[in-house]
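Examining the three-dimensional arrangement
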There are 2 protein chains.
Amino acid sequence: MTCALACELKVTVAAETRGLRVMALKAGDKSQAARNGLKEKVLTLDTMNPCVRRVEYAVRGPIVLRALELEQELRQGVKKPFTEVIRANIGDAQAMGQRPITFLRQVLALCVYPDLLSSPDFPEDAKRRAQRILQACGGHSLGAYSISSGIQLIREDVAHYIERRDGGIPADPNNIFLSTGASSAIVTVLKLLVAGEGRTRTGVLIPIPQYPLYSATLAELNAVQVDYYLDEEHAWALDVAELRRALHQARDHCRPRVLCIINPGNPTGQVQTRECIEAVIRFAFEEGLFLMADEVYQDNVYAEGSHFHSFKKVLTEMGSPYAEQQELASFHSVSKGYMGECGFRGGYVEVVNMDAEVQRQMLKLMSVRLCPPVPGQALVDMVVSPPAPSDPSFAQFQAERQEVLAELAAKAKLTEQVFNQAPGIRCNPVQGAMYSFPRVQLPPRAVLRAQELGLAPDMFFCMCLLEETGICVVPGSGFGQREGTYHFRMTILPPMEKLRVLLEKLSHFHAKFTLEYS
Amino acid sequence: MTCALACELKVTVAAETRGLRVMALKAGDKSQAARNGLKEKVLTLDTMNPCVRRVEYAVRGPIVLRALELEQELRQGVKKPFTEVIRANIGDAQAMGQRPITFLRQVLALCVYPDLLSSPDFPEDAKRRAQRILQACGGHSLGAYSISSGIQLIREDVAHYIERRDGGIPADPNNIFLSTGASSAIVTVLKLLVAGEGRTRTGVLIPIPQYPLYSATLAELNAVQVDYYLDEEHAWALDVAELRRALHQARDHCRPRVLCIINPGNPTGQVQTRECIEAVIRFAFEEGLFLMADEVYQDNVYAEGSHFHSFKKVLTEMGSPYAEQQELASFHSVSKGYMGECGFRGGYVEVVNMDAEVQRQMLKLMSVRLCPPVPGQALVDMVVSPPAPSDPSFAQFQAERQEVLAELAAKAKLTEQVFNQAPGIRCNPVQGAMYSFPRVQLPPRAVLRAQELGLAPDMFFCMCLLEETGICVVPGSGFGQREGTYHFRMTILPPMEKLRVLLEKLSHFHAKFTLEYS
């Protein structure tokens with residue numbers, strides 16, 4: 001039996017254990033319910049919230065569930081053509097072995113257990129920082145709720161960070177809301193913006209490919225997703241003409257009110273030029289769109305000539321009328337950058353030119369969930385206000401930070417190189433963020449076979465890849481792509497040597513797969 | 001000038017700076033916008049999500065914003081009739097001075113900064129526990145994402161806890177989902193249940209008085225809130241006849257599918273008897289309702305003769321058909337109990353008899369937000385699996401736990417006693433949870449004055465109380481109450497001596513207020 005056929009069999013089973021099992025079970029449940037005289041359940045697939053049912057989130061979708069199963073099988077001693085599953089599906093640096101930044105964890109440990117403040121094993125600046133944070137907490141404890149927008153002191157530190165980052169342009173702590181990762185802030189702002197019914201429903205422009213938090217949230221909120229395509233031929237750049245096309249077509253069936261930007265790009269790795277950002281801002285202003293700028297990868301820029309420009313800075317420097325009028329929300333997180341502290345769920349949003357009354361509504365909405373996790377808030381503080389050159393922790397902090405970022409830059413380069421040597425794989429430069437999103441050619445017979453199995457062709461490819469090599473990547477269909485093209489998203493986070501092996505294995509598998517389906 | 005009149009003036013100002021300012025600003029904005037040739041904003045009170053606009057959350061509403069302002073004024077040296085604001089509005093134990101439980105914080109510090117594992121200053125069981133948790137984390141770090149339902153090992157520990165709590169009735173880790181506090185799990189389950197339009201919209205039965213997370217979430221999700229009144233004359237007990245009345249009336253205009261229970265009660269402090277719980281389960285089963293049991297105060301039972309019975313246990317012990325068929329979700333949290341670790345946002349939900357496909361949908365929905373905060377997950381683990389008698393930390397843990405719970409019991413008693421000595425205040429026994437919800441008589445002239453100011457009468461009372469004494473409590477109107485009755489919710493969390501003074505001040509203020517408006 002060829003490898004591809006063997007994979008296929010397993011994938012068929014996997015597909016059945018997912019989608020097809022649904023139908024089987026439903027039918028089975030009913031007949032069994034009837035046999036036993038059981039009542040129908042109150043909450044079933046048929047009676048549940050239809051918007052939630054439509055939600056899809058590929059980054060943790062069926063392929064990841066299958067990866068978990070495979071890990072379990074390996075632990076149980078089941079023989080596989082690989083010895084470990086490599087999860088390159090999600091931007092989770094520490095899960096891939098990246099060590100936490102010492103200063104961050106020292107301050108956090110001091111905050112969690114203040115008895116340590118008398119220990120000689122912690123540097124003085126870490127102790128000072130911990131005391132400063134604890135002073136700002138209710139009851140001087142991380143265990144108290146903070147106010148719903150986050151600890152005042154930390155929002156002030158965020159404001160100072162933004163001012164430094166943006167060359168002195170002022171930031172107001174009252175416009176900063178700490179959040180549970182960037183995700184919760186993005187959802188909150190989208191929630192505010194969703195209104196209308198039928199042809200007046202809010203339309204939200206999102207890039208294709210996108211990070212599926214956007215499509216999932218729009219499905220849940222029953223808003224209209226309006227796709228604009230990034231230009232793969234030009235390193236996934238954003239083209240305002242394409243924005244305009246998408247907007248004008250959408251006006252036939254909804255009311256587009258929001259434009260989402262992800263810069264640096266996820267999953268594309270593209271970093272926008274200042275000119276591009278200016279054009280986007282002019283476009284948003286002219287067309288009356290609220291701007292949402294997902295800037296969680298602002299520390300992750302690798303390519304020569306690429307720089308991160310914040311939307312807030314560009315918008316302000318463009319002067320009137322943009323500076324005083326263009327509405328903007330910009331998001332940041334402690335999960336990415338050099339720190340990779342995903343598990344703590346820390347982040348923030350800065351709103352610019354937001355209506356004051358709406359801002360009060362936003363605070364009210366956040367207050368229902370009480371407050372973002374306070375340890376995550378504390379981490380935000382350290383990230384926006386790291387040790388200064390005169391501090392005892394500075395040298396080590398700086399060295400650790402640089403090491404992570406330099407390695408990411410090298411891995412970005414390596415990824416592009418190895419993939420572009422493989423026939424049938426084409427990979428744009430990974431200018432920033434943590435992902436490559438290469439395009440793969442899939443032979444027509446593989447596409448056909450996938451369709452027979454009821455799978456997207458790239459899902460079929462990725463499932464076969466997982467079954468054969470243990471490499472877990474996410475099919476492009478989960479992020480969106482032009483009809484007839486196929487991609488996958490792979491993180492650049494595995495340690496350098498592992499990444500090299502992984503890239504080669506993947507390229508090799510693609511060649512074999514292509515051969516077997518030709 | 002009398003005290004009440006002076007308060008009134010300030011309250012008028014406060015009301016204006018809240019509600020009335022809205023209108024003033026809106027009018028002002030428009031004319032100014034017109035004058036300057038500015039465009040209308042994309043996102044305004046008029047264009048925003050109308051469901052979000054309807055959300056109310058009294059626990060952090062206008063009265064708390066005013067309390068924050070007063071604190072600021074005090075810091076700036078403004079003379080007030082009090083020297084500090086006492087926030088008895090929210091169940092935030094550590095903000096009120098409660099010290100964290102040592103074992104919890106030791107383990108957490110070890111997890112945050114594993115270098116401490118070699119320190120001689122930490123007990124061996126804390127180190128073992130930290131290592132066990134870290135082993136279960138991605139990359140052995142709290143900084144990695146966990147799977148979306150929470151760390152497997154911790155869900156297993158939760159299952160064991162539930163089994164011990166419920167006298168051996170089995171619990172399945174696959175039915176347990178860790179969450180960001182209990183709140184996020186409650187919202188997730190409600191989200192699944194909301195469907196339909198017009199007369200088929202999901203109706204959700206909630207107690208009155210209720211914890212306003214419920215009313216706020218139902219407003220946001222555009223579900224129908226169906227009120228059933230708890231019986232104030234019988235210590236806020238739940239009466240199934242009243243449930244039936246509420247349900248049958250609601251069937252005229254919506255499709256009631258969910259019954260929410262809060263036990264021990266927030267804000268009522270009532271603890272349900274086993275008989276009551278059995279009756280509720282029979283009712284839910286007969287009427288085809290999904291049960292949601294908010295059991296976050298399960299460790300907070302003080303009154304003699306009162307015991308906590310979990311809905312899961314009672315339902316299972318009732319046998320067929322309830323045990324195999326009645327759908328239930330039960331919620332717990334690390335924010336309450338004896339630990340009061342609100343800031344970490346840890347919690348979980350156990351689902352019972354939930355449709356397997358819906359359960360997969362729930363996991364999918366949670367996966368969009370990636371995972372609950374991992375430090376909060378770690379705390380859940382310690383709470384469900386505290387030191388055993390043979391562990392070095394046991395004695396101290398047990399002593400700290402008992403001290404907190406014994407003091408809460410004494411404060412519950414004191415609160416009831418002092419309030420019931422005050423004419424015009426009547427307080428049911430605080431059998432459990434962390435709040436009293438006394439009924440206050442307000443003189444007709446005060447009610448009239450409040451109406452003139454556009455305030456609920458008990459909001460007017462609480463605002464005057466705050467301005468005059470610095471005591472911050474939440475008006476009953478924020479939780480719901482029978483028409484024409486007035487209450488407030490006050491936590492029993494301030495330290496004993498402070499609580500005594502506070503209760504007396506409050507009673508005294510009520511007497512003065514009554515006199516001045518008679």
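So, how was this worked out
Each chain carries its own residue numbering, running from 1 in the direction its sequence is written. Throughout, the order in which chains and ligands are written sets their labels, letters from A for the former and numbers from 1 for the latter. Given that the model is predicted, a residue must reach a pLDDT of at least 70 before its local features are reported, and side-chain atom pairs must reach 80 or more before they are shown or counted; all residues, however, enter totals for whole chains, interfaces and linings. Values reported for side chains reflect all heavy atoms of the structure, with hydrogen atoms and water molecules removed beforehand. UniProt positions are given in the numbering used here, feature names are shortened, and annotations may be inferred rather than shown by experiment. Two strands pair if DSSP finds at least two bridges between them. For helices the rule is a DSSP run of H or I covering at least 4 residues; for strands it is a run of E covering at least 2, with both sets numbered from the N terminus onward. For the domains described, the bounds stem from an automatic or database domain assignment. Residues are treated as being in contact if the distance between any of their heavy atoms lies within 4.5 Å. A quick way to say it: buried area is the sum, across both parts, of accessible area lost when two parts are put together, with a 1.4 Å probe. Think of a salt bridge as a Lys or Arg side-chain nitrogen and an Asp or Glu carboxyl oxygen that are within 4 Å of each other. Nitrogen and oxygen atoms within 3.5 Å of one another constitute a polar contact, given that in protein one can donate a hydrogen and the other can accept it, and given that sequence-neighbouring residues count only through two side-chain atoms. Superposition of the copies was done by least squares, using only C-alpha atoms of residues whose pLDDT is at least 70 in both. Type-normalised accessible area, obtained with a 1.4 Å probe on protein chains alone, sets the label of each residue: buried when under 20%, exposed when over 50%, and partly exposed for intermediate values. By convention, orient the strands away from the viewer: a clockwise path from the first strand over the helix to the second makes the crossover right-handed.

In the nomenclature of an unreviewed UniProt entry, chain A is known as Alanine aminotransferase 1 of Octodon degus. Quoted verbatim from the Function (unreviewed entry) heading of the UniProt record, the comment on chain A is "Catalyzes the reversible transamination between alanine and 2-oxoglutarate to form pyruvate and glutamate. Participates in cellular nitrogen metabolism and also in liver gluconeogenesis starting with precursors transported from skeletal muscles." In UniProt, chain A has this text filed under Subunit (unreviewed entry): "Homodimer."

In this section: the sheet that holds strand S13 (residues 474-475) of chain B. Residues and elements named next belong to chain B. Read across the sheet, 3 strands follow the order S10-S14-S13 without closing on themselves; strand pairing throughout is antiparallel. One side of each edge strand has no neighbouring strand; the edge strands of this open sheet are strand S10 (435-436) and S13. In this sheet, strand S14 (residues 488-491) lies alongside S10 in antiparallel orientation, the contact comprising 2 bridges. Directly across from Tyr 435, in S14, lies its bridge partner Thr 491.

We now examine the domain arrangement of chain A. Residues and elements named next belong to chain A. Along its sequence, chain A is organised into domain 1 (3-97 + 402-516), domain 2 (99-144) and domain 3 (148-384). Each of domain 1 and domain 3 has a C-alpha centre, and the two are 28 Å apart. At the junction of the two partners, domain 1 supplies 37 residues and domain 3 supplies 38 residues. Here domain 1 meets domain 3 over a buried area of about 3,000 Å², counting both sides, of which 55% is carbon and sulfur. Scanning the region where domain 1 abuts domain 3 turns up 2 salt bridges. The partner of Glu 233 in a salt bridge is Arg 426, with the nearest N and O atoms 3.7 Å apart. Taken together, the links from domain 1 to domain 3 amount to 18 residue pairs in polar contact (both at pLDDT 80 or more). For the side of domain 1 that touches domain 3, the elements supplying multiple residues, two or more each, are helix H2 (50-54), helix H15 (394-421) and strand S10 (435-436). Tallying contributions element by element places H15 first for the side of domain 1 that touches domain 3, with 5 residues.

What follows deals with the UniProt feature "domain: Aminotransferase class I/classII large" (unreviewed entry) in chain A. Within this structure's numbering, the places UniProt gives as "domain: Aminotransferase class I/classII large" (unreviewed entry) are residues 123-506 of chain A. When the span residues 123-506 of chain A is considered, its composition is 44% helix and 15% strand, and the gap between its end C-alpha atoms is 45 Å.

Time to look at the relation of the copies chain B and chain A. Structural alignment of chain B on chain A gives an RMSD of 0.0 Å, achieved by rotating through 180° and translating 0.0 Å along the axis. Both copies of the chain, as the preceding transformation shows, are related through a two-fold rotation axis. For chain B, the minimum C-alpha distance to the rotation axis belongs to Ala109(B) and amounts to 2.4 Å. Of the residues that chain B buries at the interface, 100% are likewise interface residues in chain A, meaning the two copies contact each other through the same surface.

All names here are of chain A. Most of strand S3 (residues 202-208) sits out of view: 7 of its 7 residues are buried. Across 4 bridges, the pairing between S3 and strand S5 (residues 255-262) is parallel. By the bridge assignment, Leu 205 is partnered in S5 with Leu 259. Sheet analysis places S3 next to strand S4 (residues 224-229), joined by 6 bridges and oriented parallel. When the sheet's bridge partners are listed, Gly 203 is paired in S4 with Val 224. Following the chain from S3 across helix H8 (residues 213-221) to the adjacent parallel S4, one finds a crossover that is right-handed.

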